[in-house]
Amino acid sequence: MTQQTAQLSCLTPQRAATITGGRWLRGNLEQFGTLQFDSRKLCAGEIFIALVARRDGHDFVKAACQAGASAAIVAHEIDCDLPQLIVPDTLSALHALAKWKREQFNGHVVLITGSNGKSTTREMLRIILEQYLGSDRVLCATGNHNNHIGLPLTLLGLSDDKQYAVLEAGMNHAGEIAALTLLAQPTLGIITNAGRAHLGSFASEKDIVRAKGELLENIAPQSPVVLNHDDKHYSLWLRQAAKCEVLSFSYAGNPDALCRRLQDRDFYFCFDGSSRPREVALQVTGAHNQANALAAATAAWRLGVPNDYIYAGLENFAGVPGRQEVVMCPKMVLINDTYNASPESFEVAINALANRPEQTKILVMGDMLELGDQAQCLHDQTVTKAFAQQIDYVLGYGEHSTQAIAAADNSHGRAFASKTELANCVRDLLGYSSAVLVKGSCAMAMQEVVHLLTQE
């Protein structure tokens, strides 16, 4: 990218007005600072942007003012003592500001998508890059900032001292990945895998695969992209990536992949033609986490990170909260996997639980959402797989989980309408040595069960 005339540090209030097509009322600012769209989380000095989503942010401008906001970005004037940038549309203004920031940035931008493993791969790559250059040189998305609001807010964190930005793109409908890719303008893309998450918004699984592949179709020509050689839809992505430089990784050890694990050994992997096999002692378990590590390693290698920093970064990765997060408790190992759920992520989580050494294994299952007409069938299959894997108890919460447990007709399957009753049942079932996996879609708030089990 060529050097731009304006530096990232020069996003002045007047420049912000020009970029957004807005005008300042009720005064002006000396400096254009950090944006916040949630008045409850706003810190003094931040600028409140009144987005219209589930609630109209304009209703909370006064609350933001009381919380110490320095200004507000609004679509119409609000009667409060706060400088206000009046714009035609606040979401469009957010995107315009993010686009301006991105266009001034001369470093590398990595955009990661996939049905599962996005955030884990993102954090693995972040740690590798921080090992290499230091944390002050790397901007990374946080939490679930992977949509049309979160991604541009992350881009606004770009600054002149950053060299890398690691972003995440989620979706629940066709066209979303394309729009996020065009906004992020990544210099490297990663697709971890494709599964049946959000199947309710698509006609088929292949439509989901194509939607993930929008990253490949909208990234700049000749850009490097990292793909999962083991995914059954790899050939479809290759066609979508016809104008890209394709690098692949393989947990199965496919010799055609650039980065591959050596089969039938501990986690050894190598880069084709550039390194000898090297063992990496990951702190996280499961084949899915090893696949995520290969994705992050491939991207880091292509970004020019020396191998020793890649190995060190992966070995320093301790997991992402809410994603196979291991919590040691009296009488049990609690596995908090409550961030989200899909049929594929449930399968790998159940496999990991089944392979644990503890004597008693308990699955606490919350509903998987956005699966459309196949929802009940997929829940039935998940419960069947759990019992087939010799999970001792399956405890369900939610309409589909409850029906699936009833259909399984297994005396070790139980359903609950109350999370408190469910947590009490878990305590009653604990043996001398127990492992408890708690998992469900984000909206099921299964972290409340985790809280109940860990509060004592």
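Our structure is the block above this text.
Report follows, based on the coordinates.

1. Thoughts on the pattern of salt bridges
- As enumerated under the stated definition, the model contains 16 salt bridges in all.
- Across the pair Glu 123 and Arg 122 runs a salt bridge, and its minimum N-O distance is 3.0 Å.
- A relative accessible area of 13% means that Glu 123 is categorised as buried.
- A salt bridge links Arg 356 to Glu 358; the nearest nitrogen and oxygen atoms lie 2.9 Å apart.
- For Glu 358, a relative accessible area of 9% translates into the label buried.
- Three or more residues are tied together by salt bridges with common partners; here these are Arg 122, Glu 123, Arg 126, Glu 130 and Glu 168.

2. Some thoughts on helix H10 (residues 287-302)
- Helix length check: H10, at 16 residues, gives a terminal C-alpha distance of 23 Å against a target of 22 Å (1.5 Å per residue), a fit within 8%.
- The buried count for H10 comes to 12 of 16 residues, which makes it a mostly enclosed element.
- Regarding H10, the residues found buried are Asn 289, Gln 290, Ala 291, Asn 292, Ala 293, Leu 294, Ala 295, Ala 296, Ala 297, Thr 298, Ala 299 and Ala 300.
- Phi turns positive, to about 90 degrees, at Gly 304, one or two residues after H10.

3. Description of the nonpolar core
- In this structure, Leu 125, Leu 129, Ile 190, Phe 269, Ile 310 and Leu 314 are the most contacted members of the largest nonpolar core, which totals 36 residues.
- Mapped onto this core, the elements with two or more residues apiece are strand S6 (108-113), helix H4 (118-133), strand S7 (138-140), strand S8 (164-168), strand S9 (188-191), strand S13 (268-271), H10 and helix H11 (307-316).
- For this core, the element with the most residues is H10, which contributes seven residues.
- Contact partners of Leu 314, with chain neighbours within four places excluded, come to Met 124, Ile 128, Phe 269, Val 280, Leu 282, Ala 293 and Ala 297.
- Core analysis: the next-biggest nonpolar cluster, separate from the first, contains 31 residues, Leu 111, Leu 167, Ala 169 and Leu 227 among them.

4. Examining the sheet that holds strand S20 (residues 434-439)
- The strand order across the open sheet formed by six strands is S15-S16-S20-S17-S18-S19, and the pairing between neighbours is mixed. Only two strands of the sheet have a single partner each, and these edge strands are strand S15 (325-329) and strand S19 (413-416). On average, adjacent strands in this sheet sit at an angle of 20 degrees to one another, irrespective of strand direction.
- Sheet topology places strand S17 (residues 360-366) next to strand S18 (residues 393-397); five bridges connect them, and they run parallel. Counterpart to Leu 363 in the pairing with S18 is Val 394.
- Sheet strands touched by helix H13 (residues 375-388): S17, S18 and S19. Its angle to S17, the strand with the most contacts, is close to 175 degrees.
- The sheet contacts of helix H15 (residues 419-429) involve S17, S18, S19 and S20, and relative to S18 the element is tilted by about 170 degrees.

5. Focus: the packing of helix H1 (residues 13-20) against helix H3 (residues 90-104)
- In the contact formed by H1 and H3, the axes pass within 9 Å of each other and the chain directions differ by 115 degrees. Considering the angle they form, H1 stands roughly perpendicular to H3. Of the two possible hands of crossing, H1 and H3 adopt the one that is right-handed. Residues Arg 15, Ala 16, Ile 19 and Thr 20 of H1 lie in contact with H3, whose contacting residues are Ala 93, Ala 96, Leu 97 and Trp 100.
- For the contact of H1 with H3, a count of residues per class yields six nonpolar, one polar and one charged.

Rules of the game
Residues numbered from 1 in each chain as written. Predicted model: local features only at pLDDT ≥ 70, side-chain atom pairs only at ≥ 80, totals over all residues. Heavy atoms only, no water. Salt bridge = Lys/Arg side-chain N within 4 Å of Asp/Glu carboxyl O. Buried < 20%, exposed > 50% of the residue type's maximum accessible area, 1.4 Å probe, protein only. Helix = DSSP H or I, 4+ residues; strand = E, 2+ residues; numbered from the N terminus. Expected span 1.5 Å × (residues − 1). Core = buried A, V, L, I, M, F, W, Y, C linked by side-chain atoms within 4.5 Å. Contact = heavy atoms within 4.5 Å. Pairing = 2+ DSSP bridges. Axes fitted to C-alpha atoms, helices over the stretch in contact; angles between N-to-C directions. Parallel < 35°, antiparallel > 145°, perpendicular 65-115°, else oblique. Left-handed = near helix turned anticlockwise from the far one by under 90°. Nonpolar A, V, L, I, M, F, W, Y, C, P; charged D, E, K, R; others polar.

Fair warning: the whole summary comes from geometry, so function is off the table for now.
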